[in-house]
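Each chain, written out:
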Amino acid sequence: MAYSDKVIDHYENPRNVGSLDKADPNVGTGLVGAPACGDVMRLQLKITDEGIIEDARFKTFGCGSAIASSSLVSEWVKGKTVDEALTISNKDVARELALPPVKIHCSVLAEDAIKAAIDDFKKKRDARRQQPA
Ligand code: FES
Ligand code: FES
């Protein structure tokens, strides 16, 4: 099965690979796995108190499509608000990368990772708010 040019580009030159400091209260970490194949994706987002995504880093242990999907969304989310980022769907990713049907779940992983990272950020923020000043 042939990969599309865009998948190959992101796979060979992945954007935003790496980690952000988990201890930073403004960093949300999403760790998701694909039951279908066992691949794992970690996406970290640095989000301002105003809810703007300033930075993104990912580490993906998986196939080329999963790596390309995470690289792509790490670019897409930067500069977006949390609400805008939550509207990114796996269909957008699959369309952009021209993923074949058997690789659709790789793009689902990327959508899930965004949601998980934002969820983690919100939990951390709410926990901070509940602390007595
Ligand atoms: Fe997981 Fe693609 S099946 S590497
Ligand atoms: Fe499983 Fe790509 S994430 S084949």
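Starting afresh in each chain, residues are numbered from 1 along the sequence in its written order. Each chain gets a letter, beginning with A, and each ligand a number, beginning with 1, in the order they are written. Under the rules for a predicted model, residues below a pLDDT of 70 receive no local features and side-chain atom pairs below 80 are neither given nor counted, while totals for whole chains, interfaces and linings still include all residues.

Across its full length, the protein holds five helices and three strands. Segments assigned H or I by DSSP are reported as helices when at least four residues long, segments assigned E as strands when at least two residues long, and all are numbered from the N terminus. Traced from its N-terminal end to its C-terminal end, the protein shows the element sequence α-β-β-β-α-α-α-α. C-alpha atoms define the radius of gyration in this analysis, and the globule rule sets the expected value at 2.2 Å times the number of residues to the power 0.38. Here the C-alpha atoms of the protein give a radius of gyration of 15 Å, agreeing with the 14 Å that 2.2 N^0.38 yields for 133 residues. Along the three orthogonal principal directions, the C-alpha set of the protein runs to about 55 × 30 × 25 Å. Put plainly, a residue is buried at 20 or more neighbouring C-beta atoms within 10 Å of its own, exposed at 12 or fewer, and partly exposed in between, counting only other residues' C-beta atoms, which are placed from the backbone. For the protein, with 133 residues in total, the buried portion stands at 35%. Note on contacts: each residue gets a C-beta atom placed from the backbone, and two residues are in contact if those atoms are within 7 Å. For the protein, long-range pairs separated by at least 24 residues make up 63% of all intrachain contacts whose partners lie at least 6 apart in sequence.

Residues annotated by UniProt as "domain: NIF system FeS cluster assembly NifU N-terminal" (unreviewed entry) correspond here to residues 2–125. Here residues 2–125 runs as 45% helix and 19% strand, with 43 Å between its end C-alpha atoms. UniProt positions are given in the numbering used here, feature names are shortened, and annotations may be inferred rather than shown by experiment.

A few words now on the packing of helix α2 (residues 64–77) against helix α4 (residues 90–97). Structural elements are reduced to axes, namely lines fitted to C-alpha atoms, with helices fitted over the stretch in contact, and the angle between N-to-C directions of any two is expressed from 0 to 180 degrees. For the pair α2 and α4, interaxial distance at closest approach is 10 Å and the crossing angle is 110°. Comparing the axis directions of α2 and α4 gives the class roughly perpendicular. α4 is crossed by α2, and the crossing has right-handed handedness. Facing Ser 65, Ala 68, Ser 69, Leu 72 and Val 73 of α2, the residues of α4 in contact are Val 93, Glu 96 and Leu 97. Throughout this description, any angle smaller than 35 degrees is read as roughly parallel, any larger than 145 degrees as roughly antiparallel, any in the 65 to 115 degree range as roughly perpendicular, and the remainder as oblique. Crossing handedness is read from the near helix: turned anticlockwise from the far helix by less than a right angle, it gives a left-handed crossing, and turned clockwise, a right-handed one.

Right, let's get into the nonpolar core. Defined on buried residues, the nonpolar core groups Ala, Val, Leu, Ile, Met, Phe, Trp, Tyr and Cys residues joined through C-beta atoms within 7 Å. Met 41, Leu 43, Leu 45, Ala 113 and Ile 114 are the most contacted members of the largest nonpolar core, which has 29 residues in total. Per-element tally for this core: the top contributor is helix α5 (residues 104–130), with eight residues. Leaving out residues up to four positions away in the same chain, Ile 114 has contacts with Gly 30, Leu 43, Val 73, Val 77, Ala 85 and Ile 88.

Right, let's talk about the environment of Lys 91 for a bit. Note on placement: Lys 91 falls in helix α4. In sequence terms Lys 91 and Ser 65 are 26 residues apart; their C-alpha atoms lie 13 Å from each other.

Attention now moves to the sheet that holds strand β3 (residues 53–61). Strand pairing in a sheet is mediated by backbone hydrogen bonds. Such pairs are either parallel or antiparallel. At least two DSSP bridges between two strands are required for those strands to pair. Strand order in the open sheet made by the three strands is β1-β2-β3, with antiparallel pairing throughout. Looking at strand neighbours, the two that pair on one side only are β1 (27–33) and β3, the edges of this open sheet. Within this sheet the neighbouring strands show an average axis-to-axis angle of 15°, counted without direction. Where β1 lies against strand β2 (residues 40–47), seven bridges are found, and the strand directions are antiparallel. The residue bridging Val 32 from the neighbouring strand is Met 41, located in β2. Of the strands in this sheet, β2 and β3 are in contact with α2, which crosses β3 at around 175°. Each of β1 and β2 touches α5; the most contacted strand, β1, lies at about 140° to it.

Looking now at α5. Given a helix with a known number of residues, its expected span is that number minus one, times 1.5 Å. Relative to the 39 Å expected for 27 residues at 1.5 Å per residue, α5 spans 39 Å between its end C-alpha atoms, a close match to the ideal helical length. Within α5 the residues assigned to the buried category are His 105, Cys 106, Ser 107, Leu 109, Ala 110, Glu 111, Ala 113, Ile 114, Ala 117, Ile 118, Asp 120 and Phe 121.

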